[in-house]
Amino acid sequence: MTDYSKEFTCVDQGACIACPSSDLSLTYCKLNGYKQEVACEWNGGVPKEYQDAHPLPDYIACQNPVELNRRLFFRNQLIFIVFGVIAFAVYSWRRRKLRGNGYSTV
């Protein structure tokens, strides 16, 4: 039996959107939690019986959702800011402690 699973063409119909929690178990939401609506049609040469037995997808997984990238960017920036504040606090505390013990800074 011939595999026709890749014998269709899809065109994007909308923007990349977050999957609702009820859809997270679906194949197109498992990748990164985002989906994009598509309109697909069979290419020529696919038997009618195969087309009837295998429905075309309504959604596909988004490859690079802008919202996800933006959220990850700001999360990373926040982590770096927190680490910077902690590092500065440790530096200041250590400097005061050394001055209190009679050491001078160069």
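Our subject in this report is the structure included herewith. In this text the structure is predicted, and so the values were computed from the model without any measurement.

About the criteria used
Residues numbered from 1 in each chain as written. Predicted model: local features only at pLDDT ≥ 70, side-chain atom pairs only at ≥ 80, totals over all residues. Heavy atoms only, no water. Helix = DSSP H or I, 4+ residues; strand = E, 2+ residues; numbered from the N terminus. Rg over C-alpha atoms; globule rule 2.2 N^0.38 Å. Pairing = 2+ DSSP bridges. Axes fitted to C-alpha atoms, helices over the stretch in contact; angles between N-to-C directions. Patch = residues over 30% accessible without salt bridge, like charges linked within 9 Å, V, L, I, M, F, W, Y side chains within 5 Å. Areas by Shrake-Rupley, 256 points an atom, 1.4 Å probe, with all protein chains shown as cover. Salt bridge = Lys/Arg side-chain N within 4 Å of Asp/Glu carboxyl O. Buried < 20%, exposed > 50% of the residue type's maximum accessible area, 1.4 Å probe, protein only. Contact = heavy atoms within 4.5 Å.

A closer look at the overall build of the protein chain
Then, in step 1: For the protein chain, the count of helices and strands is 3 helices and 3 strands.
Then, in step 2: Secondary structure elements of the protein chain occur, N-terminal to C-terminal, as β-α-β-α-β-α.
Then, in step 3: The globule rule puts the C-alpha radius of gyration for 106 residues at 13 Å, and the 27 Å found for the protein chain is more than 25% above it.
Then, in step 4: C-alpha extents for the protein chain along the principal axes are approximately 90 × 25 × 25 Å.

Remarks on the sheet that holds strand 3 (residues 59-61)
Then, in step 1: Taking strand neighbours across the sheet as the criterion, the 3 strands line up as 1-2-3 in an open arrangement whose pairing is antiparallel. Sheet topology places strand 1 (8-18) and strand 3 at the edges, where each strand pairs with a single neighbour. Looking at each pair of strands side by side, their axes are set apart by 35° on average, direction ignored.
Then, in step 2: Bridge count for strand 2 (residues 34-42) against strand 3 is 3 bridges, and the pairing is antiparallel. Note on strand 3: the bridge partner recorded for Lys35 is Ala61.

Thoughts on a nonpolar patch on the surface
Then, in step 1: Side chains of Leu78, Ile79, Phe80, Val82, Phe83, Ile86 and Val90 sit close together on the surface and give an oily, nonpolar patch of about 690 Å² of accessible area.
Then, in step 2: Its location among the elements puts Val90 in helix 3 (residues 66-100).
Then, in step 3: In this structure Val90 comes out as partly exposed when scored by relative accessible area, which is 48%.

A closer look at the side chain of Asp23
Then, in step 1: Take Asp23: it is sitting in the loop between strand 1 and helix 1 (27-30).
Then, in step 2: Of the residues examined, Asp23 reaches a relative accessible area of 16% and is grouped as buried.
Then, in step 3: Setting aside anything within four residues of it in sequence, one finds Asp23 in contact with Cys29 and Lys35.

Keep in mind these numbers describe shape, not what the thing actually does.
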